[in-house]
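Residues per chain, in single letters:
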Amino acid sequence: MTTPSPSHHVFILMGVSGSGKSAVANQVSHQLSTAFLDGDFLHPRSNIMKMADGHPLDDNDRQPWLQALNDAAFAMQRTQAISIIVCSALKKSYRDILRQGNQNLKFIYLKGDFETIESRLKARKGHFFKPQMLVTQFETLQEPGADEPDVLVVDINHSLDEVVAATVATIEEATNKG
């Protein structure tokens, strides 16, 4: 069996809803000509149906989804020098599942404060903003600390172009370290 090259890297763009994960990942993957996966695409049918019925997912619901993302990260790093996955990864336990067995995986935490993200969500066109959803996201968020050295931080309190540039620079710096 082929093992991932030590020079291949997977970056999970993480953060609360509205932090710009999808927009940043889309532009970064384009600039770096690399693979990009929106983690939401790997939710099992049961999770999709539960969310469609207006019920929040619990940790048991997320377990098979996070394992599928872990598998996807492993597969992506076998064939791509750099891969990007979007996943909120709000809890440390979620990040632990995602990183399990993937030594070439790092997180990029798109970090922003409540007010910044709230104003961006309110400004989205064609998007009904539910303030309680953002409150819940921040309540759930377990910010990465010193015990998670594989989490790199990008401050989102800048324009999208500046956040994209900072994310590209963070990826390039991390991949140059090996």
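Residues numbered from 1 in each chain as written. Predicted model: local features only at pLDDT ≥ 70, side-chain atom pairs only at ≥ 80, totals over all residues. Heavy atoms only, no water.

Under an unreviewed UniProt entry, the name given to the chain is Gluconokinase, and the organism recorded is Candidatus Pantoea communis. Under the Pathway (unreviewed entry) heading, UniProt states for the chain: "Carbohydrate acid metabolism." Database annotation for the chain, UniProt heading Sequence similarities (unreviewed entry): "Belongs to the gluconokinase GntK/GntV family." (UniProt positions renumbered as here; feature names shortened; annotations may be inferred.)

A. Local environment of the layout of surface pockets. Here the largest pocket defines a volume of roughly 1,100 Å³. Elements that contribute at least two residues to the lining of the largest pocket include exactly α1 (21-32), α3 (59-79) and α6 (131-140). (1 Å grid on protein atoms, 1.4 Å probe; cavity = no way out; pocket = protein on both sides within 12 Å on 5 of 7 lines; lining within 4 Å. Points joined across faces, edges and corners; volume = space filled by probe spheres on them. Helix = DSSP H or I, 4+ residues; strand = E, 2+ residues; numbered from the N terminus.)

B. The packing of α3 against helix α4 (residues 92-99), seen in detail. Relative to each other, α3 and α4 sit at 30 degrees, their axes nearing to 8 Å. Taken together, the axes of α3 and α4 lie roughly parallel to each other. Where α3 crosses over α4, the two elements pack in a sense that is right-handed. Where α3 abuts α4, its residues D59, R62, Q63, L66, Q67, L69 and N70 lie against Y94, I97, L98 and R99. Here the residues of the contact of α3 with α4 are counted per class, giving 5 nonpolar, 3 polar and 3 charged. (Axes fitted to C-alpha atoms, helices over the stretch in contact; angles between N-to-C directions. Parallel < 35°, antiparallel > 145°, perpendicular 65-115°, else oblique. Left-handed = near helix turned anticlockwise from the far one by under 90°. Contact = heavy atoms within 4.5 Å. Nonpolar A, V, L, I, M, F, W, Y, C, P; charged D, E, K, R; others polar.)

C. Geometry of the side chain of D61. Looking at the secondary structure, you find D61 in helix α3. Apart from residues no more than four positions distant in its own chain, D61 is found in contact with N47, K50 and P56.

D. Quick look at the packing of α1 against helix α7 (residues 160-176). Where α1 meets α7, the axes come as close as 9 Å, and the angle between the chain directions of the two elements is 55 degrees. Here α1 lies oblique to α7, going by the angle between them. Crossing of α1 over α7 shows right-handed handedness. Every residue of α7 that contacts α1 at A23, V24, Q27, V28, Q31 and L32 is listed here: L160, D161, V163, V164, T167, V168, I171 and E172. For the contact of α1 with α7, a count of residues per class yields 9 nonpolar, 3 polar and 2 charged.

E. Representation of the sheet that holds strand β1 (residues 9-14) in the model. Ordered in space as β2-β3-β1-β4-β5, the 5 strands form an open sheet in which the pairing is parallel. Strands with a single pairing partner mark the edges of an open sheet, and in this sheet they are β2 (35-38) and β5 (151-155). Going across the sheet, the axis of each strand differs from the next one's by a mean of 25 degrees, ignoring polarity. The pairing of β1 with strand β3 (residues 82-86) spans 5 bridges and is parallel. Considered in β3, the bridge of I12 is made with I85. Across the sheet, α4 lies against β1, β4 (105-111) and β5, angled at about 150 degrees from β4, the strand it touches most. Packing against the sheet, α7 makes contact with β1, β3, β4 and β5, and its axis sits at approximately 155 degrees to β5. (Pairing = 2+ DSSP bridges.)

F. Layout of the pattern of salt bridges. One pass over the structure, following the stated rule, counts 11 salt bridges. The salt bridge partner of K91 is D59, with a shortest N-O separation of 3.1 Å. Highlighted residues: K91 in the loop between β3 and α4 and D59 in helix α3, separated in sequence by 32 residues. Across the pair E118 and K122 runs a salt bridge, and its minimum N-O distance is 3.7 Å. Separated by 4 residues within a single helix, E118 and K122 lie in helix α5 (residues 114-123), roughly one turn from each other. Note on K122: relative accessible area 53%, which makes it exposed. (Salt bridge = Lys/Arg side-chain N within 4 Å of Asp/Glu carboxyl O. Buried < 20%, exposed > 50% of the residue type's maximum accessible area, 1.4 Å probe, protein only.)

G. Geometry of the nonpolar core. Counting 43 residues, the largest nonpolar core has L66, L69, I85, C87, L98, F107 and L110 as the members making the most contacts within it. Looking at which element gives the most residues to this core, the answer is α3, with 6 residues. Leave out the neighbours within four places in its chain, and C87 touches I12, L13, M14, G15, K21, W65, L66, L69 and L98. (Core = buried A, V, L, I, M, F, W, Y, C linked by side-chain atoms within 4.5 Å.)

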